[in-house]
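Secondary and tertiary structure notes
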Amino acid sequence: MIYIDNVYAQEVLDSRGNPTICASVFLSDGTSGSAIVPSGASTGKREALELRDGDKKRFLGKGVLKACENVDTTISDALIGSSPFDQGLIDGILKDIDGTHNYANLGANATLGVSMAVARAAAKSLKIPLYRYLGGSNAITIPVPMLNIINGGSHADNTVDFQEYMIMPLGFDTFDEALRASAEVYQHLKQILNKAGHITSIGDEGGFAPNLTNNEEPIEVILKAIEAAGYKPGEQIAIALDVASSELVDEAGIYHLKGEGKKLDSSELVGYYEKLCAKYPIVSIEDGLSEDDWEGWKLLTQKLGDRIQLVGDDLFVTNHEILAQGIKGNIANAILIKPNQIGTVSETMQTVRLAQRYGYKCIMSHRSGESEDHFIADFAIALNTGEIKTGSTARSERMSKYNRLLFIQKDIANAQYLGRALFDKSFL
């Protein structure tokens, strides 16, 4: 019998230079697996707890030595001797020894790191790829990327309100063709911004962060870049937005679009989106209303839910119980999947299964604080999410996921890239 022989963690740095956990699991047959946990900047208040030390003398209080100690002691003691091949059992143990609904004791960064490391060690022990171990023979769908190429909001220091302007390369037959087209659009966008006199510095996720005059100008510039690269907007490459509106709302429920000098209530903001979607080839809006504005979300879903993808991130925080409430209330039609919002591999899978059962689309997602770890690339294929959000074609912590998908595409004989089939005709 192969069993877990040792578990430990160490403090490493993420793409923003902040500390995070690298968890390692060693098995009795000599194999091992490690995983680095990401961290978000724009976070939902109902996310699982990311445990930080709070010692201002180290990393401005962002150290994770306490979380590492929890892995080295409490978690290690509980898992040593267990089989690594029962992911649900392992993750259940982690949940039980923490004893809270949001991993407030151990830290979700500690539990997720160990959970991912166990899965990786088990796959290596069986000598199969991680996507195959977690997804079986049905893991064949290469996800459509949502590439963040202009940053705003909390991801960049500029005048743009919306957090992410993304492109979705839908009109292609394979992932490698779609990624090539996206990279070409990104490079043409850089040239266009340079020519217009904008500084082409990039935000946390590799997108450019120009100071533009309003929230529509980034869309206009991206459309020019698509055409300059030789592609057709709306037919081959569409637009997606992450508004991150929880960052824009005040206590009275008024949304402040400071870049445009506008103050809008929920219904006015929904009307604003309707006009944008009528004018531009937008196929997806993420976090269009704040995480607490469920009535606004209901109205948004009524107005646009049959036309575009409406993604809940802060709204659902990868939590199957919150998602169930959304399904019951007919709120949104898609969910962003961030494993560190919920704390373990198994709970992430539980949320994806629920979403897929009720026809909600799933987008596997990175965080703004990332690493070279490409776990989510395998995870997206294992769960057949069909979409992945992992930044622009810049910065190595983003490219590690795209390059991993390129390799997996070669591995899977019957790999499928959904492209246009991702959305029914009413979306395009």
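Every value quoted in this text rests on a predicted model; they were computed, and no experiment measured them.

1. Here's the deal with the UniProt feature "binding site: Mg(2+)" (unreviewed entry) in the protein
Those places that UniProt annotates as "binding site: Mg(2+)" (unreviewed entry) correspond, in this numbering, to Asp242, Glu286 and Asp313. Sequence-wise these annotated residues cover 72 residues; spatially they are packed, their C-alpha atoms never more than 9.3 Å apart. Here glutamate 286 shows up in strand β10 (residues 282-286). Overall, the relative accessible area of 1% leaves glutamate 286 in the buried class. Beyond its immediate sequence surroundings of up to four residues, glutamate 286 is in contact with Met166, Leu241, Asp242, Val243, Ala244, Val311, Asp313, Leu336 and Lys389. Within the secondary structure, aspartate 313 sits in the loop between β11 (309-312) and α9 (320-328). According to the relative accessible area criterion, aspartate 313 is buried, its value standing at 3%. Excluding its chain neighbours within four sequence positions, the residues that come into contact with aspartate 313 are Glu286, Asp287, Leu336, Lys338 and Gln341.

2. Remarks on the pairing of β10
Most of β10 is tucked away, with five of its five residues classed as buried. Bridging between strand β7 (residues 237-242) and β10 involves four bridges; their strand directions are parallel. Looking across to β10, one finds that isoleucine 239 is bridged to isoleucine 282. Here β10 runs beside β11; their pairing, made up of three bridges, is parallel. The residue bridging glutamate 286 from the neighbouring strand is valine 311, located in β11.

Cut-offs and rules
Residues numbered from 1 in each chain as written. Predicted model: local features only at pLDDT ≥ 70, side-chain atom pairs only at ≥ 80, totals over all residues. Heavy atoms only, no water. UniProt positions renumbered as here; feature names shortened; annotations may be inferred. Helix = DSSP H or I, 4+ residues; strand = E, 2+ residues; numbered from the N terminus. Buried < 20%, exposed > 50% of the residue type's maximum accessible area, 1.4 Å probe, protein only. Contact = heavy atoms within 4.5 Å. Pairing = 2+ DSSP bridges.

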